[in-house]
Amino acid sequence: MNYDEDFPMLKKGLVYFDNAATTFKPKKVINSLIDYNINFTANSHRGDYNISFKVDDEIDKTRECVRRFINAKLKEEIIFTMNATDSLNMIVDNFFEPMLKKDDEILLSKSEHASNILPWIMLSLKKGLKIKYIPLNEENKITIDNIKNLITTKTKVISLAHITNVIGDKRDIKEITTLAHNNNIYVVVDGAQSVPHIKTDVKDLDCDFLAFSAHKMCGPTGVGVLYGKYELLKKMIPKKVGGGMNESYDEHGIELTTIPYRFEAGTPNINGIIAFKHAIEYIEKVGIENIERSEKYLKNYLIKELKKIPYVEVLNPTSDSGIVLIKVKDLFAGDVGLYLNSKGICVRSGKHCVKMLKDESGFDDTVRISLYFYNTYEEIDYLIYCLKDKYKLYDF
Ligand SMILES: Cc1ncc(COP(=O)(O)O)c(C=O)c1O
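Residues numbered from 1 in each chain as written. Predicted model: local features only at pLDDT ≥ 70, side-chain atom pairs only at ≥ 80, totals over all residues. Heavy atoms only, no water.

*Asks:* So what's going on with the overall build of the protein chain? Which residues, and what values?
*Replies:* If you tally the helices and strands in the protein chain, you get 14 helices and 15 strands. Its C-alpha radius of gyration of 22 Å places the protein chain within 12% of the 21 Å reference for a compact globule of 396 residues. Each principal axis of the C-alpha distribution contributes one length, and for the protein chain these read about 70 × 55 × 35 Å. Out of the 396 residues belonging to the protein chain, those deemed buried represent 56%. Long-range contacts, defined here as pairs at least 24 residues apart, represent 69% of the contacts in the protein chain between residues at least 6 apart. (Helix = DSSP H or I, 4+ residues; strand = E, 2+ residues; numbered from the N terminus. Rg over C-alpha atoms; globule rule 2.2 N^0.38 Å. Buried < 20%, exposed > 50% of the residue type's maximum accessible area, 1.4 Å probe, protein only. Contact = heavy atoms within 4.5 Å.)

Rendered as structure tokens:
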């Protein structure tokens, strides 16, 4: 399939391999952003006039679309946030902070993104909680046995990415939730790198919370999703207060409005949320299974070709996703990134917001190539061609 006509950014003469950071947007999404601003600009939950009704209606359609996409039971379980980071912070601060007590234990791994580690570190410092990091195996992946070994009666939460953004490993969330729930432990899933790439069914996974960002799945920036089981959302306490989240208030307190609106204080990213529906519909049209399959083929081809270059090491050869991590012998990752940039290739270099991973894997300074379904074999061939040009690469 050729997607050039759908994505204006695919016609800029670039090879874009930084899809784990953000993705390109199809015309349908761009047009939707324009449509709101040209044809029905109004605030949500506020007006008594038609264009404001339309705004509420469109936001509601996106909520239903997200519900369907992740197979949540209720659309009320979908809360719009700014991004996955915002969602994870809200889960930690609004649900777990009031609930957790001193010495309670949280299980994380050192291959989590900063957004799934820092909110927990801040909370542990505040409340005297203990964070335990699940040891990684020789492939830098977690194992169910390593999780089992850490569980005690004090373990209250396991918070993990479904797919990690550096190692690119996929966790068996269903097995983890079964183990966790048998031990009265909550499971938080960071879906930033999984929801855009693989089928995500929250009923099947049985996770308690899920966080992800629209911009990593063909949608606009500034829109995230916090999914939570309705029973748990009833116990969650809004920390952000203001317009739209209350029924009434006086000097003695606030009467909260219904879920999910009580967690969406203030004017939301209206055109972003509306456009997000078009991103999901686009992904559904391509087919999430097709996306997963085509990325797998591209990734296998990329790894096969990279392995032929003697001075390039593939650090995650068993990656379960479209994320491939490399090191070029004797070169700083940033220099490799800048060399590839000079050839019109966009990759990411450095620590990729996973700064504790080096403790276990030794990976400190790497180049990440992250694929999406619109990437092509020709683009990979061009990358390999540029990397094979040893003289120019080392001379850059
Ligand atoms: C695994 C993972 N979690 C969370 C995030 C944070 O996403 P955002 O910056 O959209 O909040 C990222 C971003 O790269 C990520 O890769």
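Having put the structure on the table, let's press on.
*Asks:* Which residues make up helix α11 (residues 333–342), and what are the values?
*Replies:* Of the residues making up α11, those classed as buried are A333, V336, G337, Y339 and L340. Looking down the long axis of α11, one finds its buried residues gathered within 160° of arc, a one-sided arrangement. Here the buried face of α11 lies against β12 (323–328), β13 (345–346), β14 (348–350), β15 (366–370), α13 (377–388) and α14 (390–395). Positive backbone phi, at 80°, marks G344, one or two positions downstream of α11. (Arc of directions from axis to C-beta.)

*Asks:* Can you lay out the pattern of salt bridges for me, pointing to particular residues and giving the numbers?
*Replies:* For the coordinates displayed, the defined rule picks out 30 salt bridges. A salt bridge links D104 to K156; its shortest N-O distance comes to 3.1 Å. Here D104 is found in the loop between α3 (84–99) and β3 (105–108), whereas its partner K156 is found in strand β5 (residues 155–161), with 52 residues between them in sequence. Taking the relative accessible area as the measure of exposure, D104 reaches 5% and is therefore buried. The residue K277 makes a salt bridge to E281 at a minimum N-O spacing of 3.5 Å. Residue K277 and its partner E281 are both found in helix α9 (residues 270–286); the two are separated by four residues, about one turn of the helix. For K277, a relative accessible area of 12% puts it in the buried group. (Salt bridge = Lys/Arg side-chain N within 4 Å of Asp/Glu carboxyl O.)

*Asks:* With reference to specific residues and values, describe the pairing of β15.
*Replies:* Every regular strand shows the same layout, with side chains that alternate between the two sheet faces. By the criterion of burial, β15 is predominantly enclosed, with five of the five residues buried. Every second residue of β15 is oriented toward a common face, with T366, R368 and S370 on one face and V367 and I369 on the other, all of them buried. Pairing of β12 with β15 involves four bridges; the strand directions are antiparallel. The residue bridging L325 from the neighbouring strand is R368, located in β15. Here β14 runs beside β15; their pairing, made up of three bridges, is antiparallel. (Pairing = 2+ DSSP bridges.)

*Asks:* I'd like a description of the site of the ligand, backed by residues and values.
*Replies:* Near the ligand lie 13 residues; those nearest to it are T85, D190, Q193, S213 and K216. Within the side chain of T85, an N or O atom sits 2.5 Å from an oxygen atom of the ligand. At a separation of 2.6 Å, an oxygen atom of the ligand approaches a polar side-chain atom of S213. Here the shell around the ligand is built from residues that sort into three nonpolar, eight polar and two charged. (Near = heavy atom within 4 Å. Polar contact = N/O pair within 3.5 Å; in protein donor to acceptor, adjacent residues only side chain to side chain. Nonpolar A, V, L, I, M, F, W, Y, C, P; charged D, E, K, R; others polar.)

*Asks:* Which residues make up the sheet that holds strand β2 (residues 78–81), and what are the values?
*Replies:* Spatially, the seven strands line up as an open sheet ordered β2-β8-β7-β6-β5-β3-β4, and their pairing is mixed. The open sheet has two free edges, formed respectively by β2 and β4 (130–133), since each of these has just one partner strand. On average, adjacent strands in this sheet sit at an angle of 20° to one another, irrespective of strand direction. Here β2 pairs with strand β8 (residues 224–228) via four bridges, running antiparallel. In the strand pairing of β8, T81 is matched with G224. Contacting β2, β7 (209–213) and β8, helix α2 (residues 50–70) runs over the sheet at an angle of about 115° to β2. (Axes fitted to C-alpha atoms, helices over the stretch in contact; angles between N-to-C directions.)

*Asks:* Quick one: what's the story with the nonpolar core, residue by residue and with numbers?
*Replies:* Counting 70 residues, the largest nonpolar core has I70, I147, F276 and F373 as the members making the most contacts within it. It is α9 that provides the largest number of residues to this core, a total of 10 residues. The residue makeup of this core includes at least three contributed by each of domain 1 (8–24 + 288–395) and domain 2 (28–285). The residues contacting I147, other than those within four sequence positions of it, are L107, I134, I142, I158, L160, I176 and L179. With 29 residues, the next largest nonpolar core counts I303, V314, L331 and I380 among its residues. (Core = buried A, V, L, I, M, F, W, Y, C linked by side-chain atoms within 4.5 Å. Domains from an automatic or database assignment.)

*Asks:* Can you break down the packing of helix α10 (residues 288–306) against α13 residue by residue, with the values?
*Replies:* Contact pair α10 / α13: the axes reach a minimum separation of 10 Å and the direction vectors enclose 20°. Put simply, α10 runs roughly parallel to α13. With respect to the hand of their crossing, α10 and α13 are arranged in right-handed fashion. Contact residues: α10 offers Y297, L298, Y301, L302, E305 and L306, while α13 offers Y377, I380, D381, L383, I384 and L387. For the contact of α10 with α13, a count of residues per class yields 10 nonpolar, no polar and two charged. (Parallel < 35°, antiparallel > 145°, perpendicular 65-115°, else oblique. Left-handed = near helix turned anticlockwise from the far one by under 90°.)

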